[in-house]
Amino acid sequence: KGADGNIDDDDDDDDEDDEIAERYFFDLDSVTTTQQKKNKENLVPRFKLAMMMSSASSSSSCTREEVVEYELRRYGAEGVGIGVITLSAPDRMNAFDAKMANQFKTLVHRLEREVLGSTPKSRAPRALVLRGRGPAFCAGGDLGLLGEIARSDDLEGNARRLTELYASFLSIRRLKIPVVAAIHGYCVGGGAGIAVGCADVRVASRDTKLRFNFFRELGITPGMGTTAVLPALVGPAEAAKLLFQVPRRDASAEDLHRLGLACEVAADRDSAFKAACAIAGGLGAANPVATASYLGSLRVPRYEDLAGVLEREGEKQAKCFASEHTRAVFKAIGERAGRRQGGGPAPKL
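These notes cover the structure that comes with them. What you see is a predicted model, and the numbers here were worked out from it, not measured in a lab. (Residues numbered from 1 in each chain as written. Predicted model: local features only at pLDDT ≥ 70, side-chain atom pairs only at ≥ 80, totals over all residues. Heavy atoms only, no water.)

Time to look at the overall build of the protein. For the protein, the count of helices and strands is 15 helices and 11 strands. When each of the 349 residues of the protein is scored for burial, the buried share is 54%. Long-range pairs, those at least 24 residues apart, make up 75% of the contacts in the protein between residues at least 6 apart in sequence. Put simply, the protein shows about 14900 Å² of open surface, and 50% of that area lies on carbon and sulfur atoms. (Helix = DSSP H or I, 4+ residues; strand = E, 2+ residues; numbered from the N terminus. Buried < 20%, exposed > 50% of the residue type's maximum accessible area, 1.4 Å probe, protein only. Contact = heavy atoms within 4.5 Å. Areas by Shrake-Rupley, 256 points an atom, 1.4 Å probe, with all protein chains shown as cover.)

A cluster of nonpolar side chains, namely Phe-215, Phe-244 and Val-246, defines an oily patch on the protein surface of about 260 Å² accessible area. Following the sequence through the fold, Val-246 ends up in the loop between helix H10 (236-244) and strand E10 (251-252). For Val-246, a relative accessible area of 45% translates into the label partly exposed. (Patch = residues over 30% accessible without salt bridge, like charges linked within 9 Å, V, L, I, M, F, W, Y side chains within 5 Å. Salt bridge = Lys/Arg side-chain N within 4 Å of Asp/Glu carboxyl O.)

Moving on: the pattern of salt bridges. Throughout the structure, instances matching the rule amount to 15 salt bridges. Two residues, Glu-69 and Arg-133, come together in a salt bridge whose shortest N-O distance is 2.6 Å. Residue Glu-69 is located in strand E3 (residues 68-75), and its partner Arg-133 is located in the loop between strand E5 (127-132) and helix H5 (143-151); the two are separated by 64 residues in the primary sequence. With relative accessibility at 22%, the residue Glu-69 sits in the partly exposed group.

With that settled, consider the pairing of E3. Examined bridge by bridge, E3 and strand E4 (residues 80-87) share eight bridges and lie antiparallel to one another. Residue pairing across strands places Leu-72 opposite Gly-83, the latter belonging to E4. (Pairing = 2+ DSSP bridges.)

See below:
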């Protein structure tokens, strides 16, 4: 805690974060595929995309054993228990893989037992704050993992794999306590889906760049429950603009505030985290019976109904990954990443 009794953040220096961002983001202007050239179109957008520099980095780039961290903190004069969940793979912009998904799901199961009272009440959080460590909230799915799926012909297995991956994160919607996300930096694809689908309230740092890159960049249908959750939050018309990337630019913190996806715009990452903790502390101090009851109505679609949504999204994405277009996109990404490594062989994305 700081001198005011509230929570202080202890993230790494911004300079180091900037270096990471420069290493793992690059312009896709020059990336074209054979199919795109034949069509005389450049369908790969002029955006920056989170990129793993080698296929091995998806499993070994993060030096931390735990890529999902949890800490129970006390907030305010009443000492309300606030659980802080941190996506902690900063050297890959918190891109998620199976390991991160499994750790997240395991943590949710543990918290569910605590909240339901099978563990001492002193350990049970009354609210949660979700954040990412380093220069980004979450750069989406690890491209090494997605590349594996693009190379595979097992449609049924890929659909199941994608469905389980997304369900691991969205399992947090089962918890009958409020979740506040502190988002900053790049929030891309499935990472944007986590920010939207896993949180009830969001605080956005002014440097937030949110993008649903499924359609126009990767050539796949949306996942992480966004096909149902996003229209429920902002309406079908605004959801279509975000998911189709119209206009073709990142959504800023101000955009998210205008849409109601962010309740507050903070000056920087630390300010966003502190504001999220303050909101969580206030919500946690409320009557937990009333809070649990209201969350059952607030979260649309309900968790029970979301399972079918995720299954359909997984099936559609698996078909897209098997298409010539998407396989060509991932091949081009892999070749571009290999050149960024200094002329070495391209990673097997």
